[in-house]
Amino acid sequence: MENKKNILTGDRPTGRLHLGHYFGSLKKRVELQDKYNTYIIIADVQALTDNFENPKKVRQNIYEVAFDNLAAGIDPNKATIFIQSLIPEIAELTVFYSNLVTISRLQRNPTVKSEISQKKELFGNKGESVTYGFLGYPVSQTADITAFDGALVPVGEDQLPVLEQTREIVRKFNSIYGETLVEPEAILSSNTRIKGLDGNEKMGKSLGNAIYLADSYEEVREKIMKAVTDPNRIKKDDPGNPNVCMVYYYHKLVNEENIKTVCEECKKGKRGCVDCKKDLIESMMNFLKPIQERRRYYEERPELVEKILMEGTKKAREKAKEVMKRVRENMKIDYFKES
Ligand code: TRP
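Residues numbered from 1 in each chain as written. Predicted model: local features only at pLDDT ≥ 70, side-chain atom pairs only at ≥ 80, totals over all residues. Heavy atoms only, no water.

Enquirer: Before we go on, may I ask you to explain the domain arrangement of the protein chain in this structure?
Expert: In many reports, interface size means the accessible area that the parts give up when they come together. Assigned domains within the protein chain: domain 1 (6-194 + 302-330) and domain 2 (215-295). Its C-alpha centre places domain 1 at a distance of 34 Å from the equivalent point of domain 2. Between domain 1 and domain 2, the contact holds 14 residues from the first and 10 residues from the second. Across the interface of domain 1 and domain 2, roughly 940 Å² is buried in total on both sides, 64% from carbon and sulfur atoms. Among the residues domain 1 hides against domain 2, the three largest losses belong to Leu 19, Ala 71 and Ile 194. Together they make up 49% of the total. In this structure, the connection of domain 1 to domain 2 is made through 2 salt bridges. In this structure, Glu 64 engages Arg 295 in a salt bridge whose closest nitrogen and oxygen atoms are separated by 3.0 Å. The interface formed by domain 1 and domain 2 contains 3 residue pairs in polar contact (both at pLDDT 80 or more). Among the elements of the structure, α1 (19-32) and α3 (55-72) are those that each provide at least two residues to the side of domain 1 that touches domain 2. A total of 6 residues in the side of domain 1 that touches domain 2 trace back to one element, the largest contributor, which is α3. (Domains from an automatic or database assignment. Contact = heavy atoms within 4.5 Å. Buried area = accessible area lost by both parts, 1.4 Å probe. Salt bridge = Lys/Arg side-chain N within 4 Å of Asp/Glu carboxyl O. Polar contact = N/O pair within 3.5 Å; in protein donor to acceptor, adjacent residues only side chain to side chain. Helix = DSSP H or I, 4+ residues; strand = E, 2+ residues; numbered from the N terminus.)

In C-alpha cells form, the structure reads like this:
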C-alpha cells in the first residue's frame, strides 16, 4: 500500500458520461485501480466555473458521475471517490498556486482556448464574459492533483495541455519552496479520442453526437441509425470503404471479435449499411450490458452511493491535510505548531 503510486483523475459533474469518457479515461482508470492508489475526484468546483448559474445541474450530476464511474467498474473498496468542494485544502492550494502562473500563460493554454471558443460558438459573442475562475481552472486542477500526491493522471488527449501547465506550476513551486509536490505524468489511453457518430473528431455532449453509458436500446438505435457511412456507397451491394465509415469505426470499438468479417463483407458489397447498423446496435448493447447492470445495482441503492461518497471524501481529506501540512511548512506559513 505505502509505496504504491497515487492516481488522481476525475470528471466534471455536468452530465452523464459517454463513450468518449469511457474510452478516453474511465476504462484506463478501472484497469489501473488494482495497481495504484486511485483517487477519483468529482470536480464540482470546476464544473461551477462555467455553470455557476446552474447549481442544480451540478448537484444532480454528482450522483450521475458517481453512478457512471461505479458502472464502468470502479470498485469503491479499491478506489477513493470524493467530492472536490468538500476538500477545502484544494481551495487553499489554488490560492497559493495562482501566484506561480501568469495570465498570459493561462490564455495561451490550448485546452482553455478551445473551450472558450466552443463557448463562443454556442452562446454567441459572450467572450468578454470569460471569468477569472474559468481562466484559472488549470490552477485549481493542479491543486486537485497535488493535494493527493497524484503521480499519474489518466486523462483524455484534450486535457494534456492542462496537465502540462500543472507540471510547470509544480516545478516552479518546488524550485522556490523546496521539494514539496509530486510532479504528475499523464497516462493516455490507446483510444484516446473517440470520434462522434457524425464523423466529428470529438464525441461531446454539446456536439450532440454521443452515446451515453446509460443510453437505452431505443436511444442507441436512433443514434446509430443516423450515423455517417461511406458517402460513395449508394446501392446496398456497392463495395464500401470501411475506413470512411463511422459504423465501422464503432464496430472496431465494441465488436472486435467480428471485425474482420465486417470489414471484408463491406468491401465486397455483401453487407448493406442498414444491416451493418443493426449489427452494431446489438454489439453496442452487449458492450453496455454489464455497465448498465452495475449502474442499476447502485441506482437502486442510493444510500450505499451516499456512503461511498462520504467515506471517500473523508479519506481523501486525510490525505489532503497531510500534503497541506508539508506545503505550509515549506512556504513558511506554519505559524503555530498546533496539529
Ligand atoms: N478537467 C477534467 C475534465 O474536463 C476533470 C478534472 C478535474 C480532472 N480535476 C481533475 C481530471 C484532475 C484529472 C485530474 O474532464
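Enquirer: Please explain the site of the ligand as it appears in this structure.
Expert: Around the ligand, 14 residues are found, and the nearest of them are Arg 12, Gln 46, Gln 141, Asp 144 and Gln 159. Asp 144 is positioned with one of its side-chain polar atoms (N or O) 2.7 Å from a nitrogen atom of the ligand. Within the side chain of Gln 159, a nitrogen or oxygen atom sits 3.2 Å from a nitrogen atom of the ligand. Of all the secondary-structure elements, those providing two or more residues to the shell around the ligand are β1 (6-11) and α8 (137-146). Ranked by the residues each element gives to the shell around the ligand, the list is headed by β1, at 4 residues. (Near = heavy atom within 4 Å.)

Enquirer: Before we go on, may I ask you to explain the packing of α3 against helix α13 (residues 273-299) in this structure?
Expert: Helices that pack against each other are described as a pair by the angle of their axes relative to one another and the distance between those axes. Running from amino to carboxyl end, α3 crosses α13 at an angle of 130 degrees, the nearest separation of the two axes being 8 Å. Regarding the angle of α3 to α13, the classification is oblique. Of the two elements, α3 crosses α13, and the hand of that crossing is right-handed. Across the interface between the two elements, Glu 64, Phe 67, Asp 68, Leu 70, Ala 71 and Ala 72 of α3 pack against Ile 291, Arg 294, Arg 295, Tyr 298 and Glu 299 of α13. Considered class by class, the residues forming the contact of α3 with α13 number 6 nonpolar, no polar and 5 charged. (Axes fitted to C-alpha atoms, helices over the stretch in contact; angles between N-to-C directions. Parallel < 35°, antiparallel > 145°, perpendicular 65-115°, else oblique. Left-handed = near helix turned anticlockwise from the far one by under 90°. Nonpolar A, V, L, I, M, F, W, Y, C, P; charged D, E, K, R; others polar.)

Enquirer: I would appreciate a short explanation of the packing of α3 against helix α14 (residues 302-330) in the present structure.
Expert: In contact at an axis separation of 11 Å, α3 and α14 are set at 90 degrees when each is read in the N-to-C sense. Between α3 and α14, the crossing angle belongs to the class labelled roughly perpendicular. In this structure, α3 contributes Ile 62, Tyr 63, Ala 66, Phe 67 and Leu 70 to the contact, and α14 contributes Pro 302, Val 305, Glu 306, Ile 308 and Leu 309.

Enquirer: Help me out: how do you make sense of the nonpolar core in this one?
Expert: One broad rule of soluble globular proteins: the nonpolar side chains tend to lie buried together. Judged by nonpolar contacts, the single largest core of 52 residues is most densely connected at Leu 19, Tyr 250, Met 284 and Leu 288. Among the elements that take part in this core, α13 stands out by supplying 9 residues, more than any other. Looking at which domains feed residues into this core, each of domain 1 (6-194 + 302-330) and domain 2 (215-295) gives three or more. Those residues in contact with Met 284 that lie beyond four places of it in its chain are Leu 19, Ile 211, Val 220, Ile 224, Tyr 250 and Val 254. Residues Val 101, Val 112, Phe 148 and Leu 181 belong to the second largest nonpolar core, which totals 37 residues. (Core = buried A, V, L, I, M, F, W, Y, C linked by side-chain atoms within 4.5 Å. Buried < 20%, exposed > 50% of the residue type's maximum accessible area, 1.4 Å probe, protein only.)

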